[in-house]
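Examining the three-dimensional arrangement
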Amino acid sequence: MATTQSTPVRAGASAVPYGHVIVSEKWRGTELAQLLQGKVNLMFEDGLGLVDFHLPQRACILYISETDLVSGNEFKRRLVRFRKASNLRGIVLAERTRLSDQYYSPVQNFVVLELGMTLLPVTNRSEAAQLIFHLIQERSREGGSNPFIGKKRCHLSEASILQTVQRIPAVGRVKALQLLHHFPSIQELSNASLRDLEAVVGRGFASNIHSFFTQT
């Protein structure tokens, strides 16, 4: 999805109420928007610039489709413009499919190592909707409470976040639960250092997990 907006990030769009997400008008009527409808409060706005979804707590999502990955480098220019123009926390969702898989490793290197942004892979729009829903939930919990401690531990059984973690090579359900107990969000897990991961799951598993998010 190439963007032609002249304004990189619209001023003031980062003030998003908890439980809501501001969605670029270009997503209205799409499968992804329909999958999110009813789970969170969608507020469509035109002219959001380079950002696809604004989340609470000054976070935002830039979505890279399978077509974007395969067709060229336009999405890279978009990410660079965002990185230079905004102090919002950018999260990049990229469609890693059978067709786009061969292009994914260079994208990891570019997004994570060169731009210092979080990159999360999704296989389809349904998985993307589930992940966006969880990202909104994480930012909408009052008091910064840990969703994986005490009475809220039941959230670990939710399929979407577990499926994302279990896509890491050699990580099954037990290891996924163990990881999410120590790194209670996808962002924290993706940004964890190799040493921190080793302390939780050992050197072999830690290497797989670290490479999944940062491999060049």
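Residues numbered from 1 in each chain as written. Predicted model: local features only at pLDDT ≥ 70, side-chain atom pairs only at ≥ 80, totals over all residues. Heavy atoms only, no water.

Going by what an unreviewed UniProt entry lists, the protein is known as Fanconi anemia core complex-associated protein 24 and is assigned to Eleutherodactylus coqui.

Among the surface-exposed residues, V70, L99 and Y103 lie close enough to one another that they form a single nonpolar patch of about 230 Å² accessible area. Its place among the elements puts L99 in the loop between β5 (89-95) and α4 (101-114). (Patch = residues over 30% accessible without salt bridge, like charges linked within 9 Å, V, L, I, M, F, W, Y side chains within 5 Å. Areas by Shrake-Rupley, 256 points an atom, 1.4 Å probe, with all protein chains shown as cover. Salt bridge = Lys/Arg side-chain N within 4 Å of Asp/Glu carboxyl O. Helix = DSSP H or I, 4+ residues; strand = E, 2+ residues; numbered from the N terminus.)

One turn of the α-helix equals 3.6 residues, which is why residues spaced by three or four share an orientation. Buried residues of helix α9 (residues 194-201): L197, V200 and V201, and no others. Mapping the buried residues of α9 onto a view down its axis gives an arc of 70 degrees, with all of them on the same face. Facing away from the buried side of α9 by over 90 degrees, the exposed positions are R195 and A199. At its buried positions, α9 is contacted by α7 (173-182), α8 (186-191) and α10 (203-214). Immediately beyond the C-terminal end of α9, within one or two residues, lies G202, with a positive phi of roughly 90 degrees. (Buried < 20%, exposed > 50% of the residue type's maximum accessible area, 1.4 Å probe, protein only. Arc of directions from axis to C-beta. Contact = heavy atoms within 4.5 Å.)

Enumeration over the complete set of coordinates arrives at 7 salt bridges. R203 is paired through a salt bridge with E198; the nearest N and O atoms lie 3.9 Å apart. Salt bridges linked by common partners bring K26, D52 and R78 together as one network.

Of note, the phi angle at Q57 is positive, near 60 degrees, even though the residue is not glycine. The topology assignment puts Q57 in the loop between β3 (53-55) and β4 (59-64). Positive phi values are uncommon outside glycine, yet R58 reaches one of about 55 degrees. Along the polypeptide, R58 turns up in the loop between β3 and β4.

Let's shift gears to the pairing of strand β6 (residues 118-122). Across the 5 residues of β6, 5 count as buried, placing the element largely inside the fold. Alternating positions in β6 separate into two faces, T118, L120 and V122 on one and L119 and P121 on the other, with burial throughout. With 5 bridges joining them, β5 and β6 adopt parallel strand pairing. Counted as the bridge partner of L93 is L120 from β6. As for the winding sense of the linkage, the β-α-β connection from β5 through α4 to β6 is right-handed. (Pairing = 2+ DSSP bridges. Right-handed = clockwise from strand over helix to strand, strands pointing away.)

All right, on to the sheet that holds strand β1 (residues 20-24) then. Sheet architecture is open: 6 strands sit in the order β2-β1-β3-β4-β5-β6, paired in mixed fashion. In this open sheet, the two strands that pair with only one neighbour each are β2 (41-45) and β6. The sheet shows a mean angle of 25 degrees between the axes of neighbouring strands, direction not considered. In terms of strand pairing, β1 meets β3 through 2 bridges, oriented antiparallel. If you follow V23 over to β3, its bridge partner there is F53. This element, helix α3 (residues 74-85), spans β4 and β5 of the sheet and lies at about 165 degrees to β4. Across the sheet, α4 touches β5 and β6, and the angle it forms with β6 is around 155 degrees. (Axes fitted to C-alpha atoms, helices over the stretch in contact; angles between N-to-C directions.)

As for its position among the elements, T97 is in the loop between β5 and α4. Overall, T97 belongs to the buried group, its relative accessible area being 16%. Here the side chain of T97 touches E66 through a polar contact of 2.5 Å, side chain to side chain. Beyond its immediate stretch of four places on either side in the chain, T97 contacts E66 and T123. (Polar contact = N/O pair within 3.5 Å; in protein donor to acceptor, adjacent residues only side chain to side chain.)

Another point: the pairing of β4. Burial within β4 is extensive, with 6 of its 6 residues counted as buried. Residue alternation in β4 divides its side chains into two sets, A59, I61 and Y63 and C60, L62 and I64, and both sets are buried. Between β3 and β4, which pair antiparallel and follow one another directly, the connecting turn spans 3 residues, one of which, Q57, has a positive phi of 60 degrees. Relative to β5, β4 runs parallel, the two sharing 6 bridges. Bridge pairing links I61 to I91 in β5.

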